[in-house]
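Structure at a glance
Here are the chains, one letter per residue:
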Amino acid sequence: MARKIIIDCDPGIDDSLAIMLALSMPDQIEVLGITIAAGNSPVEMGYENALKVLEFMDRLDIPVFMGAGCPLHREFVNALDTHGSDGLGESFLPPPDPSKYIRQDKSALEFLTETLRREPASVIALGPMTNLAMLAQEDPEAFRNIEELVSMGGSFRSHGNCSPVAEYNYWCDPDAAAIVYRESDRLRRLIHMVGLDVTRRIVLTPDLLAYMKRLDSRIGAFVEKITGFYFDFHWEWEHLIGCVINDPLAVAYFADKELCSGFNSYVQIETRGISLGQSVVDSMNFYRHSPNAVVLTDVDTPAFFRLFFSRLLKIDIKSLDLIPDLVRS
Ligand code: BDR
Ligand code: CA
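Everything in this summary refers to the structure shown in the same document.

Calculation notes
- Residues numbered from 1 in each chain as written.
- Chains lettered and ligands numbered in written order.
- Predicted model: local features only at pLDDT ≥ 70, side-chain atom pairs only at ≥ 80, totals over all residues.
- Heavy atoms only, no water.
- Helix = DSSP H or I, 4+ residues; strand = E, 2+ residues; numbered from the N terminus.
- Buried < 20%, exposed > 50% of the residue type's maximum accessible area, 1.4 Å probe, protein only.
- Polar contact = N/O pair within 3.5 Å; in protein donor to acceptor, adjacent residues only side chain to side chain.
- Donors = N, O, S within 2.8 Å, 3.2 Å for Na, K, Ca; no water.
- Near = heavy atom within 4 Å.
- Nonpolar A, V, L, I, M, F, W, Y, C, P; charged D, E, K, R; others polar.
- Contact = heavy atoms within 4.5 Å.

**Regarding the side chain of Asn 131**
Checked against the element boundaries, Asn 131 lands in helix H5 (residues 130-138). The exposure class assigned to Asn 131 is buried, which follows from its relative accessible area of 2%. At a separation of 2.9 Å, a polar atom in the side chain of Asn 131 contacts the main-chain amide nitrogen of Ala 68.

Listed below in structure tokens is the structure:
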């Protein structure tokens, strides 16, 4: 039976790919709704981008809810330098016709509260965790009802992408991330931390994109349109030919735990100073504190791309023979 999820995100190029993947796995994942927080893009832009992706996927029936417009305590710093001025790789796709979807009056927090009070559901968090921290603070019962929490964020041994030690989602709203880890600790529920150690190994290369276009020209062209800017950014800043698509790994891992491996540990998020936003992983158990996270450190990259392609493009996994040759080693 499909597991119910809420996607909390900040679309965002890779968030969009993650939404597309989640919607392509109806036998395993039922998306109850998408909640937006300010992150890669300002919250209104993220809201609109989610709708654009839903329109492309012909799933405007999925409700989207606008959430926090800024971090809990810090000044908001978006990532439009990475995701383009429209937050979607400067694809400048037109927003869907308002007659095609229902504009939700509820806020993300209201939707999260109501849904999780009604039934347990999992949350895949792909952006700064401002909405989730607000939920934890304002309705601990609803927060407790989160079945599984998978968070794209943080890093263990890998360097940061916003500072030498911090990853963007946790760096953008470190106070929110700290609250979510602290509250999960209190509930003795493990957060699945899909951090940069594993997502940096998910590189969409020009070869993989070409393969995608050969297999499905419509979806391939859409992915090409929204990732072009991301390719340029990675070349300029990381000297990488390709782009790191972090967020879909969190969705894929939610559905198939075999894709990544790691260890359980106590994790705290730094909220001040030069290591602001760092996920401090007590891998050596200095604190003698029970774990509050599963820290993922290894990923089967070809297996991820096999799943990503087969689900997104609706192709039998066995016929994806070129993946091992095209994946960056
Ligand atoms: C994370 O930050 C954003 O740029 C991406 O969407 C991803 O969620 C990676 O650090
Ligand atoms: Ca994101």
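**Points about the coordination of the calcium ion (ligand 2)**
For the calcium ion (ligand 2), the full set of protein donor atoms is Asp 10 (OD), Asp 15 (OD), Asp 15 (OD), Leu 126 (O) and Asp 247 (OD), and the range of their distances to it is 2.2 to 2.6 Å. Each donor residue of the calcium ion (ligand 2) lies on the same chain, and together they follow the pattern D-x4-D-x110-L-x120-D. Pair noted here: Asp 10 is in the loop between strand E1 (3-9) and helix H1 (13-23) and Asp 247 is in helix H12 (residues 247-255), with a separation of 237 residues, a long-range link. Taking the relative accessible area as the measure of exposure, Asp 10 reaches 0% and is therefore buried. Look at Asp 247 and you get buried, because its relative accessible area is 1%.

**So, the site of ligand 1**
Every residue lining ligand 1 is accounted for by Asp 14, Asp 15, Asn 40, His 83, Leu 126, Met 152, Asn 161, Glu 167, Tyr 168, Asn 169, Asn 246 and Asp 247. Residue Asp 14 places a side-chain N or O atom 2.6 Å away from an oxygen atom belonging to ligand 1. Measuring from an oxygen atom of ligand 1, one finds a side-chain N or O atom of Asn 161 at 2.8 Å. At the level of elements, H1 and helix H7 (168-172) are the ones that each hand at least two residues to the shell around ligand 1. Its residues placed into classes, the shell around ligand 1 shows three nonpolar, five polar and four charged.

**Looking at the side chain of Ser 24**
Note that Ser 24 resides in the loop between H1 and strand E2 (29-36). The class of Ser 24 is buried, set by a relative accessible area of 8%. Polar contacts involving the side chain of Ser 24 include one to the main-chain carbonyl oxygen of Met 20, which spans 2.6 Å. Excluding anything up to four places from it in sequence, Ser 24 contacts Met 57, Arg 311 and Leu 312.

Distances and angles like these do not, on their own, reveal function.
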